[in-house]
Amino acid sequence: MTATIIDGKSFAEGLRGRIAGHVQRLKAEHGITPGLAVVIVGHDPASQVYVTNKARQTAEVGMASFKHELPEDTSEADLLALVHRLNNDDQVHGILVQMPVPKQIDSIKVIEAIAPSKDVDCFTPANVGKVQIGLPGPVSCTPLGCLMLLRDQIGSLAGLNAVIIGRSNLVGKPMMQLLLRENCTVTVAHSRTKNLADVVRGADIVVAAVGRPEMIRGDWIKPGATVIDVGINRIPAPERGEGKTRLVGDVAYAEAAAIAGAITPVPGGVGPMTIACLLANTVTTASLINGLAPPTDLTA
Ligand code: GUN
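An account of the accompanying structure is given in this report.

The rules we used
- Residues numbered from 1 in each chain as written.
- Predicted model: local features only at pLDDT ≥ 70, side-chain atom pairs only at ≥ 80, totals over all residues.
- Heavy atoms only, no water.
- Salt bridge = Lys/Arg side-chain N within 4 Å of Asp/Glu carboxyl O.
- Helix = DSSP H or I, 4+ residues; strand = E, 2+ residues; numbered from the N terminus.
- Buried < 20%, exposed > 50% of the residue type's maximum accessible area, 1.4 Å probe, protein only.
- Axes fitted to C-alpha atoms, helices over the stretch in contact; angles between N-to-C directions.
- Parallel < 35°, antiparallel > 145°, perpendicular 65-115°, else oblique.
- Left-handed = near helix turned anticlockwise from the far one by under 90°.
- Contact = heavy atoms within 4.5 Å.
- Nonpolar A, V, L, I, M, F, W, Y, C, P; charged D, E, K, R; others polar.
- 1 Å grid on protein atoms, 1.4 Å probe; cavity = no way out; pocket = protein on both sides within 12 Å on 5 of 7 lines; lining within 4 Å.
- Points joined across faces, edges and corners; volume = space filled by probe spheres on them.
- Pairing = 2+ DSSP bridges.

**Looking at the pattern of salt bridges**
The final tally for this structure, using the stated rule, is seven salt bridges. Notably, a salt bridge pairs Lys222 with Asp204, separated by 2.7 Å at the nearest N-O pair. You can see Lys222 sitting in the loop between β7 (205-208) and β8 (226-229) and its partner Asp204 sitting in the loop between α8 (196-201) and β7, a full 18 residues away along the chain. With its nearest N and O atoms 2.5 Å apart, the salt bridge here joins Arg217 to Glu255. Within this pair, whereas Arg217 is found in the loop between β7 and β8, its partner Glu255 is found in helix α9 (residues 253-257), the two being separated by 38 residues in sequence. Judged by its relative accessible area of 32%, Arg217 falls in the partly exposed class.

**Some thoughts on the packing of helix α6 (residues 141-154) against helix α10 (residues 270-289)**
One way to put it is that α6 packs onto α10 with a least axis distance of 8 Å and a crossing angle of 110 degrees. In terms of orientation, α6 lies roughly perpendicular with respect to α10. Considering how the two elements wind past one another, α6 and α10 form a crossing that is right-handed. Taken together, the residues of α10 that come into contact with α6 (itself represented by Cys141, Thr142, Leu144, Gly145, Cys146, Met148 and Leu149) are Val270, Met273, Thr274, Cys277, Leu278 and Asn281. Here the residues of the contact of α6 with α10 sort into nine nonpolar, four polar and no charged.

**Re the layout of surface pockets**
Of the pockets and cavities examined, the second largest pocket occupies roughly 390 Å³. Those elements giving two or more residues to the lining of the second largest pocket turn out to be α6, α7 (172-181) and α10. The residue inventory of the lining of the second largest pocket, partitioned by class, reads 13 nonpolar, six polar and three charged.

**Considerations on the packing of helix α2 (residues 45-60) against α10**
At a minimum axis distance of 10 Å, the contact between α2 and α10 shows a crossing angle of 50 degrees. In terms of their interaxial angle, α2 and α10 are classed as oblique. Where α2 crosses over α10, the handedness of that crossing is right-handed. Between α2, through Asn53, Lys54, Gln57 and Thr58, and α10, the contact on the second element is made entirely by Ile275, Leu278 and Leu279. Here the residues of the contact of α2 with α10 are counted per class, giving three nonpolar, three polar and one charged.

**Remarks on the side chain of Asn127**
Of note, Asn127 is situated in helix α5 (residues 125-133). On the basis of relative accessibility, which here comes to 2%, the residue Asn127 falls in the buried class. Dropping the residues within four chain positions of it, Asn127 is found in contact with Pro116, Asp119, Cys122 and Pro138.

**Here's the deal with the sheet that holds strand β5 (residues 161-165)**
The strand order across the open sheet formed by six strands is β1-β11-β8-β7-β5-β6, and the pairing between neighbours is parallel. With partners counted over all chains shown, the strands left at the sheet margins are β1 (4-5) and β6 (185-189), one partner each. Pairing of β7 with β8 involves four bridges; the strand directions are parallel. Looking at β8, one finds that Val207 is bridged to Ile228. Across the sheet, α7 touches β5, β6 and β7, and the angle it forms with β5 is around 170 degrees.

All quantities given are derived from atomic positions and should not be read as evidence of function.
Structure below.
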């Protein structure tokens, strides 16, 4: 079997088009311009690229974009003070502090300082709890993007065996909640899981989020399974010339694509969905902050 390639890039483009329509309506009918503040501390090159893309796409859908670049040696107190200012800024409906933050800053303190009403990452305890019991509000961007691709590819996920590899707060745990909500039977595997290959072999849906290049091999995949690769790993590519690199996922793509029913590529799979879902969450928070019902057609 040769897998269908799940085109996250074009799916995200369509989603951004729908988001732009909602932004237009919020402006025209309610005088609200949704605003997203993105904060980056330090100069990690990968984070810089993500943040630049987030800011550009925010502006492209017609939202206000506020980018705050702070030096590597920023103190925790200074970052918390900025978060408090953004919490109280009426033009800002979403706050994203790019993770990781430098080691002198406690990321949990930063997350807890973000007003839940503006928490477009869905990192705060209040919003994590809301997702768990199914209340409206922002939903973690990467897991939401994965879920949208899965629903588009498969339709109903009810009764399917889903194996998530990775138990992070950013991806693994919220992905578990979302797939449970879809009535999947969910297994969360991690670095201490025994016989990981056999666990993955039972999966109709594989979500790989371990951050280890090409760790999940083709012969671990059940024939016909749907594979969602969240990993973005930069590895040396001497075949492209000295010092060159390339991006790969957590799944050995060519091997897996020969066996899976459908698979996301890296790049061009989950990555573009994460940003689109961030923008969708900002429309949601801008609506809720202003007492309006959030759109139901963006991420449902
Ligand atoms: N670092 C990597 N992914 C993310 C994300 O989705 N949100 C934030 N805030 N930081 C990240």
